[in-house]
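# Observations on chain architecture
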Amino acid sequence: MKKLAAILMALMLVLSLCACSGGTTDTTTTESTTETETTEATTETTEIPDISLTLWGSELTDFQDAFRVMCDNFIEAYADEANITIEIGAQSEATAKDTVLTDISAAADVFYYADDQNVELVAAGALQPVESADAITEANGGSDAGAIQAATVNGTLYGYPAMGGNGYFLYYDKAYVTDEQAGSWAGLLEAANAAGKEVTMQLNNGWYLHGFFKGAGYACSLADDAATTTCDWNTAGGTDVAQAILDIAADPGFINLDDAAFVTGVQEGTVIAGINGSWNAGAVQEAWGDDYACAKLPTYTLNGEEVQMGSFDGYKLVGVNAYSENVGWAMRLAEWLTNEDNQIYLYEATSGSAVPSNVNAAASESVQANPVVAALATQSQYASAQSLSVGGNYWTPTETLGNILANGNPDGTDLQQLLDETVAGVTAAVG
Amino acid sequence: MKKRKHDGIRGFLPVRAAKSWLAGDAFVKLTPLLWGVGYIRRRQFVKGFLAILFEVVVVMFSISYGFPNIAKFGTLGTVRRETVYNPATMKNEVNQYDNSFLILLFGLVGLIVLAVAVIILMRIVAEARELQQKSEQGAHISTFREDIRELLNQKFHITLLSLPSLGIIVFTIIPLIFMILVAFTNYDQQHMAPTELFTWVGLDNFKRLFNNSLSETFGYSFGKVLGWTLVWAFFATFTCYFGGIALSLMINNKRTRVKKLWRTLFVICIAVPQFVSLLLVRNFFADTGIVNTFCSNVGITDFLKSIGLVGAYLDHIPFLTEAGWAKFMIILINFWIGVPYLMLIATGVLMNIPTEYYESAKIDGANALQTFNRITMPFMLSVTGPYLITSFIANINNFNVIYLLTQDVYFTMDTKLAASNAKDIDLLVTWLYRLTNDYYNYKMASVIGILVFIVCAVFTLLAFNYTFRKGREGRFQ
């Protein structure tokens, strides 16, 4: 009897191990059986193929609801060609790459992603080249348009531009800051010091930090291998830019805050102006009410002259999984989701969060009236497409450089050495 | 003499199998071709059938998965994935491409299956020869029923351990060898299966740990991270250990009232999931968090500035954002989280120290410090020695505390660390996590994983060797 118990225990041990690893397999088998059942049921009545697609997009309720509506319209529009079912999953654009690359073949057929992930997704072979590239390019303002450049790698278009306005600009509170003061860092800091409040931007983030160097004419760009970054920040005069950032950071009216702390600061009334992106527009507008205003990025003082800050343009794209079973239908869905009508629909359904990238949609009245869109439009002439500028090794070294500058270079490292080391990290071979 | 024969020829299995095969009759000689033939000749039909069935399974697996992948094992594949979109079918047409990841995995499984099969075949050959001898001597040849009965009695250990052993091979050994193999390939973001191929690079990844240039800083980072990992493991283990003992001594003191209340209060800390406490504490100690607001209002921030602990430049205390402060805070917060556990363990141990020791010590005139040093601590150490070692090893791999407290908050100011995606407060294991999860640098993560294993193994061996040295266990008496 004891022996029987011992055998049973050994069995249970092994079975529990199997259960742990086998959990996911089990569910997939059940899913596929149900799918086959529905297939059989429908083929009896119609001759058209069954297509099932998965879409991943923003987890926000507004977006999810809008996706459902757009997908249902898509299903209806193609009802005579195929029997389509679309499953919608919540997957933030900001982290789409991480989930997709975990297992490409298990990822959604169609997914939204931020353009900074374009290069790495292409490198991993996750993206299907856009079939109707010419039409998509045309609709988004031609091959020189930021949205198209952001979705292109080595001359091939990989993403369907879905939303623009993913860049950054200046928010300011008109109760404390005049329009003129909002034009320069000197003015902003003057206003902040006068009111005993603070102006913010996140220096320890390469995305924002880039603005100072870009404005002074320095550049990063993606090498031909679409992975390594070239960068000239440590060439002559680069230290002056670093010094200018140090000067701003040293001002008592400046505070280095991350994205969440910026919103908290605005809500608590300690922050009267800040550089941030369109995704926080709703929260800032709510806090400042009628005094809410947006503008292009301010100028900063470099060697006694005012220099306009540059920025990164940001876009959200729709990608088609190159490993999709129904890649053709997935491309149709991606095209559908990003067409002019649906971009306007999504913009309105999300109360202005999803700024259209399509030229005609962006020109519509309701979009033009949005102060965020206006600020971004003015800033765009000083912006560069992020996906063409930087590869994977850009982020950590620049984050560190920004952190050192934000903390006033506490070790007193020679600025030239600091830039040399940063550039060495940025330009290092990937892997 | 007869008994020895029944036990079969002793010796190293391959030698035994070879000798058996050479000495055996035609059926033994045929066994490697048709595994069950030796059994069937001796009328052990079920066993023979099972052996043939096993052979068929092994051969089929090897033909369909094993050999094709083992053949490509040397290169890990040469054909890249190419797709062409066919507008007519609305599908991608894909070539017959090699998936390096699967080749590595199935190649490894194939090799292990072959190895296991060869071992089993050698046993079968030896057994076939034994059966031949038995039948020649006219000895009894066991029936299948008798074999089963034997497995439940004399050979019960085999019955009991075969399934768990299989489990260990499938779920532990194979993944472990796979991970180790990855360290010798160039599997990283530029070589991600299934789209790209990766291949063997020998010891290149290990060499990178000893390179040190401006853009190649893995060696520098590894040294720094390893140093902090050991410092952290030391402090995290011993602060909690002595803190827990001190706390339980205080609670168990005769003069302490409502002992149960105090004990319960500390145990409540355990009831809150650790990650919740850690994330909350992270927010408390943020640069604009509640603790900083308080310190700044009360004047602590200014005081710390005046004595130079906080840079003159800052208007907050960089609890979790400056290397020195963050390291101190991490150890402190870990102390707060870990002490209740140690308090419980220490209470249990202390209650088991016979009171006679203390009474006789009292009669001999020993003071409190002397009793603690000569009775309490030796007793504690002898009982909790193994716990201390395991807890030191666990702290080397203590992912939660470091990651949850500093993720998204801590930015390094060391440009060389940044170039290899490490941070001052990273343990080897959090660095490894970042390399795989954010940068897909599987090859370097694998190298670091192997080194973590070596570090842990060395410390465990040293510590256990010291603790369990002969005669040490009873020493305190």
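Keep in mind that this is a model prediction, so the values were computed, not measured.

Rules used throughout
Residues numbered from 1 in each chain as written. Chains lettered and ligands numbered in written order. Predicted model: local features only at pLDDT ≥ 70, side-chain atom pairs only at ≥ 80, totals over all residues. Helix = DSSP H or I, 4+ residues; strand = E, 2+ residues; numbered from the N terminus. Contact = placed C-beta atoms within 7 Å. Rg over C-alpha atoms; globule rule 2.2 N^0.38 Å. Buried ≥ 20, exposed ≤ 12 C-beta atoms within 10 Å, placed from the backbone. pLDDT = per-residue confidence, 0-100. Domains from an automatic or database assignment. Nonpolar A, V, L, I, M, F, W, Y, C, P; charged D, E, K, R; others polar. Pairing = 2+ DSSP bridges. Axes fitted to C-alpha atoms, helices over the stretch in contact; angles between N-to-C directions. Left-handed = near helix turned anticlockwise from the far one by under 90°.

Within chain A, the secondary structure is distributed over 19 helices and 18 strands. Considering only contacts in chain A between residues 6 or more positions apart, those separated by 24 or more positions represent 75%.

Attention now goes to the overall build of chain B. A tally of regular secondary structure across chain B gives 21 helices and two strands. Here chain B has a C-alpha radius of gyration of 32 Å; the compact-globule value for 477 residues is 23 Å, and the former is much larger. Taken over 477 residues, chain B has a buried fraction of 29%. For chain B, the share of sequence-separated contacts (at least 6 apart) that also reach a separation of at least 24 residues comes to 68%.

Residues and elements named next belong to chain B. Residues with a pLDDT of 70 or more make up 95% of chain B, whose mean pLDDT is 88. Of the regions scoring below 50 in pLDDT, residues 1–8 engages in three contacts with residues more than four places distant in sequence or in other chains. This prediction of the complex comes with two scores: 0.82 for pTM and 0.77 for ipTM.

This brings us to the domain arrangement of chain B. Residue and element names in this part refer to chain B. Entries for chain B in the domain assignment read domain 1 (2–191) and domain 2 (218–285 + 320–467). A C-alpha centroid distance of 45 Å is found between domain 1 and domain 2. On the side of domain 2, nine residues touch domain 1, which itself brings nine residues to the contact. Residue composition of the side of domain 1 that touches domain 2, by class: five nonpolar, three polar and one charged.

The next thing to look at is the sheet that holds strand β6 (residues 159–163) of chain A. Either a parallel or an antiparallel arrangement is found when strands of a sheet pair, and the pairing is made through backbone hydrogen bonds. All names here are of chain A. Reading across the sheet, the five strands line up as β2-β1-β3-β17-β6 and stay open at both edges, with mixed pairing between neighbours. The open sheet is flanked by β2 (83–90) and β6, the only strands paired with a single partner. Taking the axes of each pair of neighbouring strands and ignoring which way they run, one obtains an average angle of 25° across the sheet. Inspection of the sheet shows strand β3 (residues 110–114) paired to strand β17 (residues 316–320) by five bridges, in the antiparallel sense. Note that in β17 the partner of Y113 across the bridge is L317. The strands touched by helix α2 (residues 61–77) are β1 (50–57) and β2; relative to β2, the strand with the most contacts, the crossing angle is about 170°. Each of β1, β2, β3, β6 and β17 touches helix α12 (residues 327–337); the most contacted strand, β17, lies at about 160° to it.

In this section: the pairing of strand β2 (residues 91–94) of chain B. Residue and element names in this part refer to chain B. Of the pairings in the sheet, the one linking strand β1 (residues 83–86) to β2 comprises four bridges and is antiparallel in character. When the bridges of β2 are listed, V84 appears paired with E93. Linkage of β1 to β2, two consecutive antiparallel strands, is achieved through a turn of four residues, within which M90 is found at a positive phi near 60°.

At the interface, 38 residues of chain B touch 42 residues of chain A. Elements with a minimum of two residues in the side of chain B that touches chain A: β1, β2, α8 (156–182) and α19 (415–419) of chain B. At eight residues, α8 of chain B tops the list of elements feeding residues into the side of chain B that touches chain A. Among the residues making up the side of chain B that touches chain A, the classes are represented as 18 nonpolar, 14 polar and six charged.

Turning our eyes to something else, we now look at the packing of helix α10 (residues 218–252) of chain B against helix α17 (residues 368–396) of chain B. Residues and elements named next belong to chain B. Interhelical geometry of α10 versus α17 gives an angle of 145° and a closest axis separation of 9 Å. In this structure, α10 meets α17 at a crossing whose hand is right-handed. Here T229, W232, A233, A236, T237, Y241 and I245 of α10 come into contact with α17, specifically with M380, L388, S391, F392, N395 and I396. Taken together, the residues of the contact of α10 with α17 sort by class into nine nonpolar, four polar and no charged.

What follows covers the pairing of strand β14 (residues 299–302) of chain A. One ladder, built from four bridges, connects β14 of chain A with strand β15 (residues 305–308) of chain A; its direction is antiparallel. Bridge pairing links Y300 of chain A to V307 of chain A in β15 of chain A.

Looking now at unusual backbone geometry. Here the residue pair A193 of chain B and P194 of chain B is connected by a cis peptide bond, since its omega of 0° sits within 30 degrees of zero. Mapped onto the fold, P194 of chain B is located in the loop between α8 and α9 (204–208). Of note in this structure, N303 of chain A is not a glycine but carries a positive phi near 50°. Overall, N303 of chain A belongs to the exposed group, with 11 C-beta atoms counted inside 10 Å. Phi angles above zero are rare outside glycine, and M90 of chain B is one such case at about 60°.

Residue and element names in this part refer to chain A. Domain assignment breaks chain A into domain 1 (47–165 + 315–373) and domain 2 (168–313 + 391–426). Between the C-alpha centres of domain 1 and domain 2 the distance comes to 30 Å. The interface of domain 1 with domain 2 comprises 15 residues on the first partner and twelve residues on the second. Here the side of domain 1 that touches domain 2 gets four residues from one element, more than from any other, and that element is helix α4 (residues 118–123).

The subject of this paragraph is the environment of Y112 of chain A. All names here are of chain A. By the secondary structure assignment, Y112 is in strand β3. When the 28 C-beta atoms within 10 Å are taken as the criterion, Y112 is described as buried. Among residues more than four places away in sequence, those in contact with Y112 are W56, G57, S58, E93, A96, A162, K316 and V318.

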